[in-house]
Amino acid sequence: MATIVVKQIGSPIRRPEIQRKTLIGLGLNKMHRVRELEDTPSVRGMIRKIPHLVEIVEERG
């Protein structure tokens, strides 16, 4: 199973509600939090929606 490590680099303050909910959906809600997530199309789509708030730190295959 492939996984990706995602880190939150931006604050959700003064962002649209949908972007905040996307962060929560990824399991992120505070600055510099890191999560290891399964590499699925839905997770990739969520990351593509908020590239200014998160970064992919590592891809594990």
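Cut-offs and rules
Residues numbered from 1 in each chain as written. Predicted model: local features only at pLDDT ≥ 70, side-chain atom pairs only at ≥ 80, totals over all residues. Heavy atoms only, no water. Pairing = 2+ DSSP bridges. Helix = DSSP H or I, 4+ residues; strand = E, 2+ residues; numbered from the N terminus. Axes fitted to C-alpha atoms, helices over the stretch in contact; angles between N-to-C directions. Salt bridge = Lys/Arg side-chain N within 4 Å of Asp/Glu carboxyl O. Buried < 20%, exposed > 50% of the residue type's maximum accessible area, 1.4 Å probe, protein only. Polar contact = N/O pair within 3.5 Å; in protein donor to acceptor, adjacent residues only side chain to side chain. Contact = heavy atoms within 4.5 Å. Core = buried A, V, L, I, M, F, W, Y, C linked by side-chain atoms within 4.5 Å.

### Observations concerning the sheet that holds strand S3 (residues 54-60)
- Spatial strand order, S2-S1-S3: three strands in an open sheet with antiparallel pairing. The two strands at the open ends of the sheet, each matched to only one other strand, are strand S2 (34-38) and S3. Going from strand to strand, the sheet's axes swing by 25° on average, the running direction of each strand aside.
- Where strand S1 (residues 3-8) lies against S2, five bridges are found, and the strand directions are antiparallel. Looking at S2, one finds that Thr-3 is bridged to Glu-38.

### Observations regarding the pattern of salt bridges
- The final tally for this structure, using the stated rule, is five salt bridges.
- Put simply, Arg-44 and Asp-39 hold a salt bridge, and the shortest N to O gap is 2.8 Å.
- In this structure Asp-39 comes out as partly exposed when scored by relative accessible area, which is 28%.
- Beyond isolated ion pairs, a larger network of salt bridges with shared partners links Glu-36, Glu-58 and Arg-60.

### Comments concerning the side chain of Thr-3
- The topology assignment puts Thr-3 in strand S1.
- Thr-3 gets classed as buried once you look at its relative accessible area, which sits at 10%.
- Here Glu-36 takes part through its side chain, which lies 3.2 Å from a polar atom of the side chain of Thr-3.
- Excluding residues within four positions of it along the chain, Thr-3 makes contact with Glu-36, Leu-37, Glu-38, Asp-39, Glu-58, Glu-59 and Arg-60.

### Points about unusual backbone geometry
- The backbone of Arg-14 shows a phi angle near 60°, a positive value even though the residue is not glycine.
- For Arg-14, the location among the structural elements is in the loop between S1 and helix H1 (17-25).

### Let's talk about the nonpolar core
- Membership of the largest hydrophobic core is limited to 11 residues, which are Ile-4, Val-6, Leu-23, Leu-26, Leu-28, Leu-37, Val-43, Ile-47, Ile-50, Leu-53 and Val-54.
- Among the elements of the structure, S1 and helix H2 (41-49) are those that each provide at least two residues to this core.
- When near neighbours in sequence (up to four residues on either side) are disregarded, Val-6 contacts Leu-28, Arg-33, Val-34, Arg-35, Leu-37, Ile-47, Val-54 and Glu-55.

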